[in-house]
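Residue-level structure breakdown
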Amino acid sequence: MALIVQKYGGTSVGDVERIQHVARKVAAARAKGDQIVVVVSAMSGETNRLIGLAQAISEQPDPREYDQIVASGEQVTIGLLAMALKELGVPARSFLGLQVPIRTDDVHSKARITEIDGTAVHAALARGEVCVVAGFQGVNAAGDITTLGRGGSDTTGVALAAGLGADECQIYTDVDGVYTTDPRVEPKARRLERVTFEEMLEMASLGSKVLQIRAVEFAGKYRVPLRVLSTFEDGPGTLITLDQEQNGVEDPLISGIAFNRDEAQVTLQGVPDRPGIAAKVLGPIGEANIEVDMIVQNVGADATTDFTFTVHKNDYKRALALVETIREQLGARAVKGDSDIAKVSVVGVGMRSHAGIASDMFKALATENINIRMISTSEIKISVVIDEKYLELAVRTLHRAFELEGAAPAA
Ligand code: ADP
Ligand code: ASP
Ligand code: MG
């Protein structure tokens, strides 16, 4: 008898019929003799609606109250799915994060799971029940509800699989696997049979929302077998593999293209060019809990420099205000910002052993007259920041340039 964690996303539980469909899938999996733990998201659109309500009352919502509100979407779907299962004659029990309990730190809206107590879930499973657990939420040491960041139900699924010692974690969603790029932007995108954790981690961190980055981190760290599958069609999905060798005879140079529209750029112009400047600029940003992604410092001719970095659009206004204060302190010339930017990245472990990917990427973008504002690279990825209006063109151009559409899936 295996223990399987299945996670169903928002579209998969988007209405009553879909919840009943999920219930039938869960019932079929249980009928094979396995123990099933199901993690569900809120109905699609619901979390956005709740965030909208919070923001309509307060521009900077109180973090504790914000989590109380946005966690409520999952409370509805666990109850509905447990009921739908019972209607099919399957014993089921729903659990809020705090009823499991899924313990987290107390960073509201970005909480990290610190511990999962599997006792209650194991006891329910032993009674023959399907456990339906609310995704996206946990409880801090003070007993307050926390949430795990957008897309956090993936992390709940993987963390539960790790914490309960499950045999597999299956992420059911509205696409039938991980594709070479978001199939909504490039319809010619191709499903990958397998992708390494390393690549998936890069793709997730660079904006591919098919899996939340923390879910991939967790799965890699605790070696949880992880698969992305469709809720609506049967198929093998995509297996996230630990070992590169498992990936086939030869790794493709580039596995995928990720993009992110959620960043904004902040530039401090004319900063006196002396040691310690980067720390002076970024120190207060870090203290304000604002994550910085790309950083570029240009060498100026007149003993001054321009310092540019990107942050999440949600943090853009706060970052601009902080940098304005820093500008005054440092006597820098001006602060400029732009939120109409996008980041496009090519990812692939094959890059390690091949030179020239960067120049191929830049050439392809140049052919379409797409201007590159910032560049950053790591061993297995190259990212560029461009004007947001060119994003879709850039993704399709790179998808073609790296021949991702035609190639057979790595088997
Ligand atoms: P869920 O609600 O099930 O968690 P998400 O919307 O969070 O679903 O994630 C699935 C979506 O991720 C797909 O509909 C697709 O548009 C998007 N996506 C982005 N990049 C990729 C990719 N490389 N492969 C597959 N889907 C992707
Ligand atoms: N409902 C949450 C969100 O929309 C969590 C999730 O769907 O994974 O972000
Ligand atoms: Mg998701």
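Now for a look at the structure at hand. (Residues numbered from 1 in each chain as written. Chains lettered and ligands numbered in written order. Predicted model: local features only at pLDDT ≥ 70, side-chain atom pairs only at ≥ 80, totals over all residues. Heavy atoms only, no water.)

Digging into the site of ligand 1
For ligand 1, the set of nearby residues contains 17 residues, the closest of which are Thr173, Asp174, Tyr179, Asp182 and Arg184. For ligand 1, an oxygen atom lies 3.1 Å from a polar atom in the backbone of glycine 10. Separating an oxygen atom of ligand 1 from a side-chain N or O atom of aspartate 182 is a distance of 2.8 Å. The fraction of the free accessible surface of ligand 1 (570 Å²) that becomes covered by protein chains is 86%. (Near = heavy atom within 4 Å. Polar contact = N/O pair within 3.5 Å; in protein donor to acceptor, adjacent residues only side chain to side chain. Areas by Shrake-Rupley, 256 points an atom, 1.4 Å probe, with all protein chains shown as cover.)

So, the pattern of salt bridges
Following the criterion strictly, the structure yields 22 salt bridges and no others. Of the charged contacts, one joins aspartate 154 and lysine 7 as a salt bridge, the two residues approaching to 2.7 Å between their closest N and O atoms. Residue aspartate 154 is found in helix α6 (residues 153-164), and its partner lysine 7 is found in strand β1 (residues 3-8); the two are separated by 147 residues along the sequence. Overall, the relative accessible area of 3% leaves aspartate 154 in the buried class. Overall, the relative accessible area of 7% leaves lysine 7 in the buried class. A salt bridge links arginine 127 to glutamate 129; the shortest N-O distance between them is 3.1 Å. Sharing partners across several salt bridges, the network here consists of Arg64, Glu65 and Asp144. (Salt bridge = Lys/Arg side-chain N within 4 Å of Asp/Glu carboxyl O. Helix = DSSP H or I, 4+ residues; strand = E, 2+ residues; numbered from the N terminus. Buried < 20%, exposed > 50% of the residue type's maximum accessible area, 1.4 Å probe, protein only.)

Structural notes on the site of ligand 2
Taken together, Ser41, Ala42, Thr47, Glu74, Phe136, Arg150, Gly151, Gly152 and Ser153 make up the full set of residues near ligand 2. Here serine 41 contributes a side-chain N or O atom positioned 3.0 Å from an oxygen atom of ligand 2. Between ligand 2 and threonine 47, the relevant distance is 2.8 Å, taken from a nitrogen atom to a side-chain nitrogen or oxygen of the residue. Protein chains shield 86% of the accessible area of ligand 2, which is 260 Å² for the free molecule.

Description of the nonpolar core
By size, the foremost hydrophobic cluster in this structure holds 43 residues, and its most contacted members are Val37, Leu226 and Ile240. A total of five residues in this core trace back to one element, the largest contributor, which is α6. Setting aside residues up to four positions removed in sequence, leucine 226 forms contacts with Val158, Cys169, Ile171, Phe197, Leu211, Ala219, Thr238, Leu239 and Ile240. If you look at the next biggest cluster of nonpolar residues, it comprises 25 residues, including Leu81, Ala82, Val130 and Tyr172. (Core = buried A, V, L, I, M, F, W, Y, C linked by side-chain atoms within 4.5 Å. Contact = heavy atoms within 4.5 Å.)

Concerning the side chain of glutamine 265
Relative to the helices and strands, glutamine 265 is located in strand β14 (residues 263-272). Only 3.1 Å separates the side chain of glutamine 265 from the side chain of arginine 373, close enough to count as a polar contact.

From the geometry alone we can't say anything about function, so treat these as descriptive.
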